[in-house]
Amino acid sequence: MINYNGSLISEQDLKLTNKNRAFKYGDGIFETIKVQNNKILFLEDHYFRLMASMRMLRMKIPMKFTLEFLEEEINKTTVSISSNILRVRINVFRKDGGLYNPVTNEIDYIMEANEINLKPKSIYKIDLYKDFYNYSGLLSTVKTTNRILNTLAAIYSKENDLDNCILLNERKGVVEVTNANIFIVKGNIIKTPALTEGCIKGVTRKKVIEIIDKHPDFIVEETIISPFELQKSDEVFITNAIIGVQPVTNYRKKEFKTEISEKISKSLSLMAITN
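Computed from a predicted model, the values in this text were never measured in an experiment.

Undergrad: Quick one: what's the story with the overall build of the protein chain, residue by residue and with numbers?
TA: Secondary structure assignment for the protein chain yields 7 helices and 16 strands. Taking 2.2 N^0.38 as the reference for a compact globule, 275 residues should give roughly 19 Å; the C-alpha atoms of the protein chain span a radius of gyration of 19 Å, in line with that estimate. A principal-axis box enclosing the C-alpha atoms of the protein chain has dimensions of 50 × 40 × 35 Å. Burial status across the protein chain gives 47% buried among its 275 residues.

Here it is in structure tokens:
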């Protein structure tokens, strides 16, 4: 079932018009949330990111859009699905009409939930995607429905027998991978691209930074990362709301250890349960 503006309908009954702005202009945002054993993971962080994104894109936030409302709507969408792990995607887009200039800033939303079977990969290969760049700046930190760069990079990954690709910005700095934030480990320093590099303001990225900040043996840096630093790293791992932490084992001819990545993954799982 699909939750369309609060009403549960079948996928077949969902009808979007040719004036839909998410389709015509990419005028929409989305949030992906993991539900595990009926618990919505890091709901508050997802809620505040969604609200901040809507404000940035000058969408009119309905008065009813409270944290409690979002929780109720997610539960309504997932209640009929009997699975331990679900992916919930929330799409928010401006109502139909207008050209570049919309006729209204009021919004519609769609929620969909799908069961997933997560199988961590023991071998995970990545490389650079250099055909097009992810431009730095605040707008790139928002999960808009315009994901053509990520789509092309995902196709490139498949064509080249890779698990993922690293996106670069216009200054040739590391930004993220196609569907996740990225971290590199060298000694006791763990780096991740700063938001000013153009990476998504990931909820799991935020939680991992909190975990590292509290660890006495490691220092976390949000900074500029050159692709050359990947070759010198001890470990590389990626993070998003669904996979949590995925260690990277191979970058070109370089093979990475996964010891620290696995420890952070366990800490994140514990945080998700107790949050």
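Okay, back to it.
Undergrad: Can you tell me about a nonpolar patch on the surface, naming the residues and giving the values?
TA: A contiguous nonpolar patch, built from Phe132, Ile148, Leu152 and Ile155 and spanning about 360 Å² of accessible area, is present on the exposed surface. Considering the arrangement of structural elements, one finds Leu152 in helix 4 (residues 148–159).

Undergrad: Requested: an account of the environment of Leu138, with residues and values cited.
TA: Within the secondary structure, Leu138 sits in the loop between strand 7 (125–129) and helix 4. Given the relative accessible area of 60%, Leu138 is considered exposed. Put simply, Leu138 and Ile166 are 28 residues apart on the chain and 19 Å apart in space, counted from C-alpha to C-alpha.

Undergrad: So what's going on with the packing of aromatic side chains? Which residues, and what values?
TA: Evaluation of the coordinates by the stated rule reveals 7 aromatic pairs. Note on Phe65 and Phe69: the rings are 5.2 Å apart at their centroids and 35 degrees apart in plane angle, and the pair reads as tilted. The same class applies to Phe65 as to Phe69, namely buried. Ring plane angle 65 degrees and centroid distance 5.5 Å describe the contact between Tyr129 and Tyr156, whose orientation is recorded as edge-to-face. A residue pair is termed long-range when its members are at least 10 positions apart, and Tyr129 in strand 7 and Tyr156 in helix 4 qualify at 27 residues. Looking at Tyr129, the relative accessible area reads 2%, which means it is buried. Taking the relative accessible area as the measure of exposure, Tyr156 reaches 25% and is therefore partly exposed. A network of ring pairs unites the aromatic residues Phe65, Phe69 and Tyr109 as a single cluster. A cation over a ring is seen here: Arg89 above Phe30, with NZ or CZ 3.8 Å from the ring centre.

Undergrad: Summarise the packing of helix 2 (residues 43–56) against helix 5 (residues 203–214); cite the residues concerned and give the values.
TA: Across the interface, helix 2 lies against helix 5 with an axial gap of 10 Å and an inter-helix angle of 125 degrees. The angle between the axes of helix 2 and helix 5 places the two elements in the oblique class. As for how helix 2 packs across helix 5, the hand of that crossing is right-handed. In contact with Asp45, His46 and Arg49 of helix 2, helix 5 contributes Val203, Lys206 and Lys207.

Undergrad: I'd like to hear about helix 7 (residues 259–274), residue by residue, with values.
TA: A rise of 1.5 Å per residue sets the reference length of helix 7, with its 16 residues, at 22 Å; its end C-alpha atoms lie 23 Å apart and thus fit the reference within 8%. Those residues of helix 7 that sit buried are Ile260, Ser261, Ile264, Leu268, Met271 and Ala272. Around the axis of helix 7, the buried residues are gathered within 110 degrees of arc, so they sit on the same side. Helix 7 presents Lys263, Lys266, Leu270, Ile273 and Thr274 as exposed residues on the side facing more than 90 degrees away from its buried surface. Among the structural elements, strand 4 (39–40), strand 10 (181–186), strand 11 (189–193), helix 5, strand 13 (235–240) and strand 14 (244–248) are those in contact with the buried residues of helix 7.

Undergrad: Give a description of the sheet that holds strand 14 that names residues and reports values.
TA: Taking strand neighbours across the sheet as the criterion, the 5 strands line up as 12-11-10-13-14 in an open arrangement whose pairing is mixed. Edge strands, defined here as strands with exactly one partner in the open sheet, are strand 12 (219–223) and strand 14. This sheet shows a mean twist of 25 degrees between the axes of neighbouring strands, independent of strand direction. By the bridge criterion, 5 bridges tie strand 11 to strand 12 in an arrangement that is parallel. If you follow Ile189 over to strand 12, its bridge partner there is Ile219. Against the sheet, helix 5 engages strand 10, strand 11, strand 12, strand 13 and strand 14, with an angle of about 140 degrees to strand 12. On the sheet, helix 7 packs against strand 10, strand 11, strand 13 and strand 14 and is oriented at approximately 170 degrees with respect to strand 14.

Calculation notes
Residues numbered from 1 in each chain as written. Predicted model: local features only at pLDDT ≥ 70, side-chain atom pairs only at ≥ 80, totals over all residues. Heavy atoms only, no water. Helix = DSSP H or I, 4+ residues; strand = E, 2+ residues; numbered from the N terminus. Rg over C-alpha atoms; globule rule 2.2 N^0.38 Å. Buried < 20%, exposed > 50% of the residue type's maximum accessible area, 1.4 Å probe, protein only. Patch = residues over 30% accessible without salt bridge, like charges linked within 9 Å, V, L, I, M, F, W, Y side chains within 5 Å. Areas by Shrake-Rupley, 256 points an atom, 1.4 Å probe, with all protein chains shown as cover. Salt bridge = Lys/Arg side-chain N within 4 Å of Asp/Glu carboxyl O. Phe/Tyr/Trp six-rings, centres within 6.5 Å; stacked < 30°, edge-to-face > 60°. Lys NZ or Arg CZ within 6 Å of the ring centre and 35° of its normal. Axes fitted to C-alpha atoms, helices over the stretch in contact; angles between N-to-C directions. Parallel < 35°, antiparallel > 145°, perpendicular 65-115°, else oblique. Left-handed = near helix turned anticlockwise from the far one by under 90°. Contact = heavy atoms within 4.5 Å. Expected span 1.5 Å × (residues − 1). Arc of directions from axis to C-beta. Pairing = 2+ DSSP bridges.

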